Amino acid sequence: MKIKLRKSVIFLLSVTVLAPIVLYTNTLGAYLASSSSRNEFIEDVSTFTFAGEVRPLNVLPQESSAALKEPLGVVYSENLGDSSSEGSNASSGENAHINRQLAEAEDGISSLSNLSSGGNTIRQVTDQEHEVALEKKEEYTRETELIGKVNEAEQNKAKREIGSRRSKGKSERPPERTAVVKDNLGEAGSEKQNERMILPDARIRQLKDQLIQAQLYLSLSVTRTNPQFVRDLRLRMKEVLKVLGDATKDAELPTNALERLKAMDQTLSRGKQLEDDCASSVKKLRAMLHSAEEQLRVHKKQNLFLTHLTAKTVPKGLHCLPLRLSTEYFMLNTSQQRFPNEEKLEDPQLYHYALFSDNVLAAAVVVNSSITHTKDPSKHVFHIVTDRLNFAAMKMWFLANPPGRATIQVQNIEEFTWLNSSYSPVLRQLGSPTMIDYYFKNRHAESDSNIKFRNPKYLSMMNHLRFYLPEIFPKLDKVLFLDDDIVVQRDLTGLWSLNLRGKVIGVVETCGHSFHRFDRYLNFSNPLISKTFSPRACGWAFGMNIFDLNEWRKQNITEVYHKWQNLNHDRLLWKLGTLPPGLITFWNRTFALEKSWHVLGLGYNPNVVQKDIERAAVIHYNGNLKPWLEIGIPKFRNYWAKYVDYDQVYLRECNITP
């Protein structure tokens, strides 16, 4: 009897690793009788229930279930890169091995039940058997750690090592743990795969794909012979188009979207039964793709042209405003046409702003937003230069809407007698026949792929006045230059106290992205450019710049500008504009300001970070989507509009509204 008991214990040790010994009683036999209890026994054999109490096994040390959890990862994979055949063979071998283990476990449990019927109870094992059990458990832990590695190469190596060990009969995986781990990892892997496959706004994408499939079926000859299917398909297409509407997100779809999607899917499945010729379907799809790409190209070009046209066309209200203001101005007598505080215009101790604009409303926003944030407006002087057409209107606006205690000066560019073609190369070039031919002859429309270089604004000398600041303000030391498409959100007086360290201009650099470097603006195939400048040099932006006019005069910057303008008479060094000559003229003469001083992009980029806008001292609507135009980006318009008094009589008369 003792020999028989001894053999039973050895048999039990060969079946399971996690439970090398079980305290077995007649009650345990009843416990194993039910299938649910038996599953619980297989999953967790560290404890068992006896007389309503949960008791631990006494031979092995008690372990928490968390300690037995294996690392997440793919345990069995059939696709293992270059060694796919080897991995497949190993996987099939392991599956067979697991099946054998499960079968042996069933037999082992049945044997335990047979032992219980004899009423025999196992009380203890020898120290040698205990050590064997612990050794097997450690071996199993090492195996699971090897299998848990995610790298495919490590998985292959781990599996080969395990296969080698098993072939020598050194270790054996516990069947019940293998099954549980495989199921758990399979579920986790499936969940992760589903998460990766879920795309944002999947329902809208699916509805649009259905429309493409429907158009394909309608174009095939085989479906035209089935008028009922064609009618049904057209009806479903109308329903889907109605559901889509202007929705761009799944959340914007109506509640019946899913119903329409299923109905269209059923109709399309009928089309699949009608059309079995894959070759003709592929051919038609390719034709549709080519046609769609061509239409996209045409629409992009048309959209670009219309955007530029809209941006440079004066809205009716802004055309009315200067006419109305000019009429009022010429009704004033001479004394009423003068601004107060003229003695402050040349005082270098004050804060001077330079603003060159032909847009009355835009200039008003710049002045209003600047004064709103100043601590002492009486120390701020705004010098506005405009053209002859808008001179009267600009003066009348600020006479009718004085900027508090700040000082205003409005000048006419025509009054700068020193600014003529004999002195300024750019003025001479702008009036040349080749330049006029470039802008106004249609046969040259295709010569430049980028339409923005043919923008007529470059014909205006107003854009180039920034290169003549010392001549315009001969008695001033520092000037803050502002574009008319900016809004001031913070006190700017700190810029005048900055030490530019011998530099001429303070700028905010824009080289956070590769396309804002010198090679974007200059022609580095020309040796004059490539030998002098670096293509990776950081670009910067006009719009809000502090100028040290004393350093300008000392370094003779205007002469540098003239030199490069003469070299670019044929536009081979750069296209038209003011930024390329600015990058060249002020090369190695710029002082980098902190980025929050000047945030750009509100006139073309709807993704400007909200936090950057709120922290900015100046926000810049550079681009075509100006805030005073209907095409302006709606979410950015209020930053500009809040400085416009729409109740002002002239704005109401010209029907200018928010």
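Here, the structure is the one placed above.
This section reports on the structure supplied with the text. All figures in this text were calculated on a predicted structure; none of them were measured in a lab.

Some thoughts on the state of the cysteines
Next up, step 1: If you walk through the whole model with that rule in mind, you get two disulfides.
Next up, step 2: Disulfide pairing is shown between C320 and C654; the S-S distance is 2.1 Å. Judged by the torsion about the S-S bond (-70 degrees), the C320/C654 disulfide is left-handed. Of this pair, C320 sits in helix 14 (residues 316-329) while C654 is found in the segment after helix 27 (649-653), placing the two residues 334 residues apart along the sequence.
Next up, step 3: The exposure class of C320 is partly exposed, given its relative accessible area of 26%.
Next up, step 4: The disulfide bridge from C511 ends at C538, spanning 1.9 Å between sulfur atoms.

A closer look at unusual backbone geometry
Next up, step 1: The backbone of R501 shows a phi angle near 55 degrees, a positive value even though the residue is not glycine.
Next up, step 2: Exposure remark for R501: the relative accessible area of 66% places this residue in the exposed category.
Next up, step 3: Even without a glycine there, the phi angle at N588 is positive, about 65 degrees.
Next up, step 4: Tracing the backbone through its elements, the reader meets N588 in the loop between helix 24 (579-585) and strand 10 (590-592).
Next up, step 5: N588 gets classed as exposed once you look at its relative accessible area, which sits at 55%.

A word on the packing of aromatic side chains
Next up, step 1: Counted by the stated rule, this structure contains 25 aromatic pairs.
Next up, step 2: On the basis of an interplanar angle of 90 degrees and a centroid distance of 5.2 Å, the ring pair of F533 and W587 is categorised as edge-to-face. Note that F533 is positioned in the loop between helix 21 (527-530) and strand 9 (544-548) and W587 in the loop between helix 24 and strand 10, a separation of 54 residues in sequence.
Next up, step 3: Look at F533 and you get buried, because its relative accessible area is 5%.
Next up, step 4: On the basis of relative accessible area, W587 is assigned to the partly exposed category, the value being 23%.
Next up, step 5: Positioned over the ring face of F542 is R466, at 4.8 Å from the centre of the ring.
Next up, step 6: Positioned above the aromatic ring of W597 is the side chain of R490, whose terminal nitrogen or guanidinium carbon lies 5.0 Å from the ring centre.

Quick word on the environment of G502
Next up, step 1: As for its position among the elements, G502 is in the loop between strand 7 (486-488) and strand 8 (505-507).
Next up, step 2: Note on G502: relative accessible area 39%, which makes it partly exposed.
Next up, step 3: When neighbours within four sequence positions are excluded, G502 is seen to be in contact with E551 and Q555.

Notes on the sheet that holds strand 6 (residues 478-482)
Next up, step 1: Strands sit in the order 5-4-3-6-9-8-10 across an open sheet of seven strands; the sheet is mixed. Where the open sheet ends on each side, the last strands, each with one partner, are strand 5 (407-412) and strand 10. Each adjacent strand pair in this sheet contributes to an overall mean axis angle of 25 degrees, direction not counted.
Next up, step 2: Bridge count for strand 8 against strand 10 is three bridges, and the pairing is parallel. For G506, the partnering residue across the bridge sits in strand 10 and is F591.
Next up, step 3: Along the sheet, helix 16 (residues 391-400) contacts strand 4 (380-386) and strand 5; its crossing angle with strand 5, the most-contacted strand, is approximately 170 degrees.

Notes on a nonpolar patch on the surface
Next up, step 1: A cluster of nonpolar side chains, namely F305, L306 and L309, defines an oily patch on the protein surface of about 270 Å² accessible area.
Next up, step 2: In this fold, F305 is placed in helix 13 (residues 278-312).

With respect to the nonpolar core
Next up, step 1: Within the largest apolar cluster, 68 residues are counted, with the highest numbers of intra-cluster contacts made by L321, L480, L492, L495 and W640.
Next up, step 2: Per-element accounting of this core gives the leading share, nine residues, to helix 15 (residues 360-372).
Next up, step 3: For L495, the residues in contact, after removing those within four places along its chain, are K478, L480, M544, I546, L593 and W597.
Next up, step 4: Counting 44 residues, the second-largest nonpolar core is a separate cluster that includes I413, L419, M461 and A537.

Some thoughts on the pattern of salt bridges
Next up, step 1: Evaluated as defined, the whole model comprises 14 salt bridges.
Next up, step 2: Between E342 and R338 there is a salt bridge, with its nearest N and O atoms 3.0 Å apart.
Next up, step 3: What makes R338 exposed here is its relative accessible area of 52%.
Next up, step 4: Here R405 ties to D376 by a salt bridge, and the two come within 3.6 Å at their closest N and O atoms. Separated by 29 residues along the polypeptide, R405 in the loop between helix 16 and strand 5 and D376 in the loop between helix 15 and strand 4 bring together distant segments of the chain.
Next up, step 5: The network of salt bridges with shared partners includes R324, E328 and E653.

Observations concerning the pairing of strand 6
Next up, step 1: The element strand 6 is largely enclosed, with a buried count of five among its five residues.
Next up, step 2: Residues K478, L480 and L482 of strand 6 are buried on one face, and the alternating residues V479 and F481, pointing to the opposite face, are buried as well.
Next up, step 3: Where strand 3 (residues 351-356) lies against strand 6, three bridges are found, and the strand directions are parallel. Paired with Y353 across the bridge in strand 6 is L480.
Next up, step 4: Bridge count for strand 6 against strand 9 is five bridges, and the pairing is antiparallel. Considered in strand 9, the bridge of F481 is made with N545.

What counts, and where the lines are drawn
- Residues numbered from 1 in each chain as written.
- Predicted model: local features only at pLDDT ≥ 70, side-chain atom pairs only at ≥ 80, totals over all residues.
- Heavy atoms only, no water.
- Disulfide = S-S within 2.5 Å.
- Helix = DSSP H or I, 4+ residues; strand = E, 2+ residues; numbered from the N terminus.
- Buried < 20%, exposed > 50% of the residue type's maximum accessible area, 1.4 Å probe, protein only.
- Phe/Tyr/Trp six-rings, centres within 6.5 Å; stacked < 30°, edge-to-face > 60°.
- Lys NZ or Arg CZ within 6 Å of the ring centre and 35° of its normal.
- Contact = heavy atoms within 4.5 Å.
- Pairing = 2+ DSSP bridges.
- Axes fitted to C-alpha atoms, helices over the stretch in contact; angles between N-to-C directions.
- Patch = residues over 30% accessible without salt bridge, like charges linked within 9 Å, V, L, I, M, F, W, Y side chains within 5 Å.
- Areas by Shrake-Rupley, 256 points an atom, 1.4 Å probe, with all protein chains shown as cover.
- Salt bridge = Lys/Arg side-chain N within 4 Å of Asp/Glu carboxyl O.
- Core = buried A, V, L, I, M, F, W, Y, C linked by side-chain atoms within 4.5 Å.

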